[in-house]
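Chain residues, written in single-letter form:
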Amino acid sequence: AHLAALVLARGGSKGIRLKNIKLLAGVPLIGWVLRAAVDAGVFHSIWVSTDHDEIEKVAKQFGAQVHRRSPEVSQDSSTSLEAIKEFLHHHHEVDIVGNIQATSPCLHPSDLIKVADLIQREGFDSVFSVVRRHQFRWSEVKKGENKMTEPQNLNPAKRYRRQDWPGELYENGSFYFAKRHLIEKGYLQGGKMAYYEMRAEHSVDIDIDIDWPIAEQRVLSFGYFGKEPLKEVKLLVCSIDGCLTNGRIYVTEDQKEMVSYDYRDIVGIELLKKRGIQVRLISERDCSKTLSAMQLGCIAKVSATNKLQVLEDWQKDMGLSWKEVAYLGNEESDVECLKKAGMSGVPADACALAQKAAGYICKSNGGCGAVREFAEHIFLLLEKVNSARKQ
């Protein structure tokens, strides 16, 4: 049976504009679930249903095919079921749809693999995700009613301790898998049904965790970052022009060049050094006088005609794996380095090709705090590495 992953990503949003591709911890929101779906390896095809050009570009960047949905199922009032039925109408080869919510960035491939097994091997017609909660419920008393509230799932005289109560299962909206015949009848849940219980820490819904910084912390702690385990970064290579500086060169009347930089970035470099991470700088032009004036105390390579060769030489000389190397670049000449490095980033104003190759896109522009921001990102991922070691 052809199992297709389908992510619904409408361009319109009543809340955050283009929320589905808004950067979350440096990755477009939809990219987190697409990465999990691709690495799960259980889908015969992976699709994004959208009505927006920018969402289409991001979807393809993360390995998905795109179904351009019609205006009729792209309204605020349109339901997920309507969009899925339209998708099936155009894709007769699909037998089972795994509808994955773009707003669930802590989804892991292991969850999808187990669900695929339930529906393909154990004969369930529909499987949906739930999370266990330990919350006591009380009946609602509407304003003006002369009634008392009543307990719904507890005895107030014998309140459970958390460890003595198994809790209750709630839908968390992360995914809904269903066979074609059910969907065509108008159901996402029906027939022989099963639930799949997700770990609480993986049950993050951006529609609920609307405070973006909080959601980013959850993702950095519990999100899926790829097949290979993260390693501790030991080297950061930073492109000077457009990353450490804003790329502008000022020329005085006596033909002396001047550049500007942000002190926050200098602090970021110093913090990296204190954590034992070596920082090296690279530039295509000869800016040795500028570096001397900045007094950063970093090894640098200027007039670098082949940045990738320089990066490979440094990586080999230090005896590092690529997972231990981070790279911050912003131009086409940085693309191959961004692809090689285990951790890669670009400033917000980097060129399109560099943004596509990077794993993290800063909120800050080059020369305006991007180095410091990328350093903070490295520190957060190092915490994740250390946490995994302890476990």
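Per an unreviewed UniProt entry, the chain goes by N-acylneuraminate cytidylyltransferase and derives from Circaetus pectoralis. The Catalytic activity (unreviewed entry) comment attached to the chain in UniProt states, word for word, "an N-acylneuraminate + CTP = a CMP-N-acyl-beta-neuraminate + diphosphate". The record in UniProt for the chain states the following under Sequence similarities (unreviewed entry): "Belongs to the CMP-NeuNAc synthase family."

Q: Looking at this structure, I do not really get unusual backbone geometry. What am I missing?
A: Phi angles above zero are rare outside glycine, and Ser-303 is one such case at about 55 degrees. Among the structural elements, Ser-303 can be located in the loop between strand E14 (299–301) and helix H10 (307–317). When its relative accessible area of 39% is taken as the criterion, Ser-303 is described as partly exposed.

Q: I would appreciate a short explanation of the environment of Arg-248 in the present structure.
A: Structurally, Arg-248 can be placed in the loop between helix H7 (240–244) and strand E11 (250–251). The class of Arg-248 is exposed, set by a relative accessible area of 54%. Sequence separation between Arg-248 and Ile-84 is 164 residues, and the spatial gap between their C-alpha atoms is 49 Å.

Q: What is the right way to read the sheet that holds strand E9 (residues 193–198) from this model?
A: In any sheet, the strands associate via hydrogen bonds between backbone groups, in a parallel or an antiparallel arrangement. The strand order across the open sheet built from 7 strands is E5-E4-E1-E6-E8-E7-E9, with neighbouring strands paired in mixed fashion. Looking along the sheet, the strands with just one partner apiece sit at the ends: strand E5 (65–68) and E9. Between one strand axis and the next, the sheet turns by 30 degrees as a mean value, whatever way the strands run. The pairing of strand E7 (residues 126–133) with E9 spans 6 bridges and is classified as parallel. Residue Val-130 lies in a different strand from E9, and its bridge partner there is Glu-197. Taken strand by strand, helix H1 (residues 29–40) contacts strand E1 (3–8), strand E4 (45–50) and strand E6 (96–100), and its axis lies near 160 degrees from that of E4.

Q: What is the right way to read the layout of surface pockets from this model?
A: Here the idea is plain: a probe the size of a water molecule rolls over the atoms and shows the empty space left. Here the largest pocket is characterised by a volume of approximately 1,100 Å³. Secondary structure elements with two or more residues in the lining of the largest pocket: strand E3 (27–28), H1, helix H2 (53–61), helix H11 (335–340), strand E16 (343–346), helix H12 (352–357), strand E17 (360–361) and helix H13 (370–390). Looking at the lining of the largest pocket residue by residue, the classes come out as 20 nonpolar, 9 polar and 10 charged. Of the domains in this structure, domain 1 (3–134 + 165–222) and domain 2 (235–389) are the two that each give at least three residues to the lining of the largest pocket.

Q: Would you mind going over the packing of H1 against helix H4 (residues 109–120) with me for this structure?
A: The angle between the axes and the distance between the axes are what describe a pair of packed helices. Between H1 and H4, the shortest axis-to-axis distance is 8 Å and the interhelical angle comes to 55 degrees. Comparing their axes, H4 and H1 come out oblique. You can see that H1 and H4 cross each other, and the crossing is right-handed. Touching Ala-36, Ala-37, Asp-39 and Ala-40 of H1 are Pro-109, Leu-112 and Ile-113, all from H4.

Thresholds, definitions, all that
- Residues numbered from 1 in each chain as written.
- Predicted model: local features only at pLDDT ≥ 70, side-chain atom pairs only at ≥ 80, totals over all residues.
- Heavy atoms only, no water.
- UniProt positions renumbered as here; feature names shortened; annotations may be inferred.
- Helix = DSSP H or I, 4+ residues; strand = E, 2+ residues; numbered from the N terminus.
- Buried < 20%, exposed > 50% of the residue type's maximum accessible area, 1.4 Å probe, protein only.
- Pairing = 2+ DSSP bridges.
- Axes fitted to C-alpha atoms, helices over the stretch in contact; angles between N-to-C directions.
- Contact = heavy atoms within 4.5 Å.
- 1 Å grid on protein atoms, 1.4 Å probe; cavity = no way out; pocket = protein on both sides within 12 Å on 5 of 7 lines; lining within 4 Å.
- Points joined across faces, edges and corners; volume = space filled by probe spheres on them.
- Nonpolar A, V, L, I, M, F, W, Y, C, P; charged D, E, K, R; others polar.
- Domains from an automatic or database assignment.
- Parallel < 35°, antiparallel > 145°, perpendicular 65-115°, else oblique.
- Left-handed = near helix turned anticlockwise from the far one by under 90°.

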